[in-house]
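The lines below spell out each chain.
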Amino acid sequence: MSSFDTLHILNKSPEHPRAAQCLALLSKGDALLLTENGVLLLSAGRLPAVGKVFALSPDVSARGLGNPVGDVTVVEFGDMVSLSLQAQRVISW
Amino acid sequence: MSTLIMIDQPPYGSWSGREALDMAFSLAAFDQPASLLFTGAGVTWLKRAQDTAGIAQKSVERNLSAAPIFGIEAILADRSACQKYGLDESSLITGVTLVDANGALLEQYDHTAFAG
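Here is a short report on the structure shown in this document. Values in this document were obtained by computation on a predicted structure and should not be read as measured data. (Residues numbered from 1 in each chain as written. Chains lettered and ligands numbered in written order. Predicted model: local features only at pLDDT ≥ 70, side-chain atom pairs only at ≥ 80, totals over all residues. Heavy atoms only, no water.)

A look at the overall build of chain B
Then, number 1: For chain B, the count of helices and strands is 5 helices and 5 strands.
Then, number 2: Scaling as 2.2 N^0.38, a compact globule of 116 residues should have a C-alpha radius of gyration of about 13 Å, and chain B matches this with 13 Å.
Then, number 3: Looking at chain B as a whole, 48% of its 116 residues are labelled buried.
Then, number 4: Restricting the contact set of chain B to residue pairs at least 6 apart, pairs at least 24 apart contribute 74%.
Then, number 5: When the accessible area of chain B is evaluated, it comes to approximately 5500 Å², of which 54% is carbon and sulfur surface.
Then, number 6: For chain B, the distance from the average site of its 7 positive side-chain charges to the average site of its 13 negative ones is 10 Å. (Helix = DSSP H or I, 4+ residues; strand = E, 2+ residues; numbered from the N terminus. Rg over C-alpha atoms; globule rule 2.2 N^0.38 Å. Buried < 20%, exposed > 50% of the residue type's maximum accessible area, 1.4 Å probe, protein only. Contact = heavy atoms within 4.5 Å. Areas by Shrake-Rupley, 256 points an atom, 1.4 Å probe, with all protein chains shown as cover. Lys, Arg positive; Asp, Glu negative; His and termini not counted. Charge placed at Lys NZ, Arg CZ, Asp CG, Glu CD.)

Examining the sheet that holds strand 3 (residues 75-78) of chain B
Hydrogen bonds along the backbone pair up the strands of a sheet, which may run parallel or antiparallel.
All names here are of chain B.
Then, number 1: Judged by pairing direction, the sheet is parallel, and its 5 strands sit side by side in the order 4-3-2-1-5 without closing on themselves. Taken across any chain shown, the strands that pair with only one partner, and hence form the sheet edges, are strand 4 (96-99) and strand 5 (111-114). When the angles between neighbouring strand axes are averaged without regard to direction, this sheet yields 30 degrees.
Then, number 2: Summarising the sheet, strand 1 (residues 3-7) and strand 2 (residues 34-38) pair through 5 bridges and their orientation is parallel. Its bridge partner lying in strand 2, Thr 3 is registered against Ala 34.
Then, number 3: Helix-sheet contacts for helix 1 (residues 16-29) involve strand 1, strand 2 and strand 5, and the interaxial angle to strand 1 is about 165 degrees. (Pairing = 2+ DSSP bridges. Axes fitted to C-alpha atoms, helices over the stretch in contact; angles between N-to-C directions.)

Focus on helix 1 of chain B
Since there are 3.6 residues in each turn of an α-helix, residues three or four apart along the chain are aligned in direction.
Residues and elements named next belong to chain B.
Then, number 1: Relative to the 20 Å expected for 14 residues at 1.5 Å per residue, helix 1 spans 20 Å between its end C-alpha atoms, a close match to the ideal helical length.
Then, number 2: Of all the residues in helix 1, the buried ones are Ser 16, Gly 17, Arg 18, Ala 20, Leu 21, Ala 24, Phe 25 and Ala 28.
Then, number 3: Just downstream of helix 1 lies Asp 31, where phi reads positive at about 55 degrees. (Expected span 1.5 Å × (residues − 1).)

What to know about the interface of chain B and chain A
Then, number 1: Between chain B and chain A, the residue contacts involve 17 residues of the former and 15 residues of the latter.
Then, number 2: Summed over both sides, the interface of chain B with chain A buries roughly 1200 Å², with 55% coming from carbon and sulfur.
Then, number 3: Across the contact surface, chain B and chain A share 1 salt bridge.
Then, number 4: With a shortest N-O distance of 3.0 Å, Lys84(B) and Glu15(A) are connected by a salt bridge.
Then, number 5: At the boundary of chain B and chain A, one finds 6 residue pairs in polar contact (both at pLDDT 80 or more).
Then, number 6: Its residues placed into classes, the side of chain B that touches chain A shows 6 nonpolar, 7 polar and 4 charged. (Buried area = accessible area lost by both parts, 1.4 Å probe. Salt bridge = Lys/Arg side-chain N within 4 Å of Asp/Glu carboxyl O. Polar contact = N/O pair within 3.5 Å; in protein donor to acceptor, adjacent residues only side chain to side chain. Nonpolar A, V, L, I, M, F, W, Y, C, P; charged D, E, K, R; others polar.)

A closer look at the layout of surface pockets
Space left empty within the atom packing is revealed by a probe, the size of a water molecule, rolled over the atoms.
Then, number 1: As a volume, the largest pocket reaches approximately 220 Å³.
Then, number 2: Lining the largest pocket are 13 residues, and of these Ser13(A), His16(A), Asn37(A), Gln9(B) and Pro10(B) sit closest to its centre.
Then, number 3: As a volume, the second largest pocket reaches approximately 180 Å³.
Then, number 4: Along the walls of the second largest pocket sit Glu61(B), Leu64(B), Ser65(B), Ala67(B), Pro68(B), Ile72(B), Glu73(B), Ala74(B), Ile75(B), Ile93(B), Thr94(B) and Gly95(B), which together make up its complete lining.
Then, number 5: For the lining of the second largest pocket, the elements supplying multiple residues, two or more each, are helix 2 (60-65) and helix 3 (67-70) of chain B.
Then, number 6: With 3 residues, helix 2 of chain B is the largest single contributor of residues to the lining of the second largest pocket.
Then, number 7: A class-by-class count of the residues in the lining of the second largest pocket yields 7 nonpolar, 3 polar and 2 charged. (1 Å grid on protein atoms, 1.4 Å probe; cavity = no way out; pocket = protein on both sides within 12 Å on 5 of 7 lines; lining within 4 Å. Points joined across faces, edges and corners; volume = space filled by probe spheres on them.)

Remarks on the sheet that holds strand 4 (residues 72-75) of chain A
Residue and element names in this part refer to chain A.
Then, number 1: Overall, parallel pairing links the 5 strands, which are arranged 4-3-2-1-5 in an open sheet. Where the open sheet ends on each side, the last strands, each with one partner, are strand 4 and strand 5 (87-92). On average, each strand axis in the sheet is inclined to that of its neighbour by 25 degrees, with strand direction left out of account.
Then, number 2: Bridge count between strand 3 (residues 52-56) and strand 4: 4 bridges; the pairing is parallel. Across the sheet, Val 53 pairs through a bridge with Val 72, a residue of strand 4.
Then, number 3: Packing of helix 1 (residues 17-25) onto the sheet brings it into contact with strand 1 (4-10) and strand 2 (31-34), and relative to strand 1 it is tilted by some 165 degrees.
Then, number 4: Relative to the sheet, helix 3 (residues 77-86) contacts strand 1, strand 2, strand 3, strand 4 and strand 5, its axis offset from that of strand 5 by approximately 120 degrees.

So, in structure tokens, the structure goes:
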């Protein structure tokens, strides 16, 4: 079970100032979980270079982003729980 | 007295966008010429094939399809925002006109209103 330093949960759209803040703080060994409007980052084509990226499946399909391109793992709600257990700390942006 | 309703908020996650749509529909229902302009993250309203079952919400795609019936004159989308979100003719819903959301466009309308 790979563990992460920090799991960043981002539900803000890419236009929201907090989205840029979250991406700026993402460091190696962290994970980023995109939920709600956060999944729009997948279509805005700017996935971060560091950290492992996950996206919540119901939100991805709600925005018609079916099979996202790039290094992102689409997860279900249950996986969200296990992700947060794998992290030393969780920040909900 | 024509009105341009601008929607720059993404469709899900907050209700402000839907309120703007209701505003536009009520204007049009009272024969006030109204058009919709989507800018910024708002253009993601116009993505084709939105499957919202998982988030228990009605797809905004269906709301938008009622726009012509209500008498909405035009559904406009800002070109640069569409590029930013990877949207082109093949991924946008039908009936959307790409425009540049600049001063010249806004001058064509007596009133411009935002959602939330």
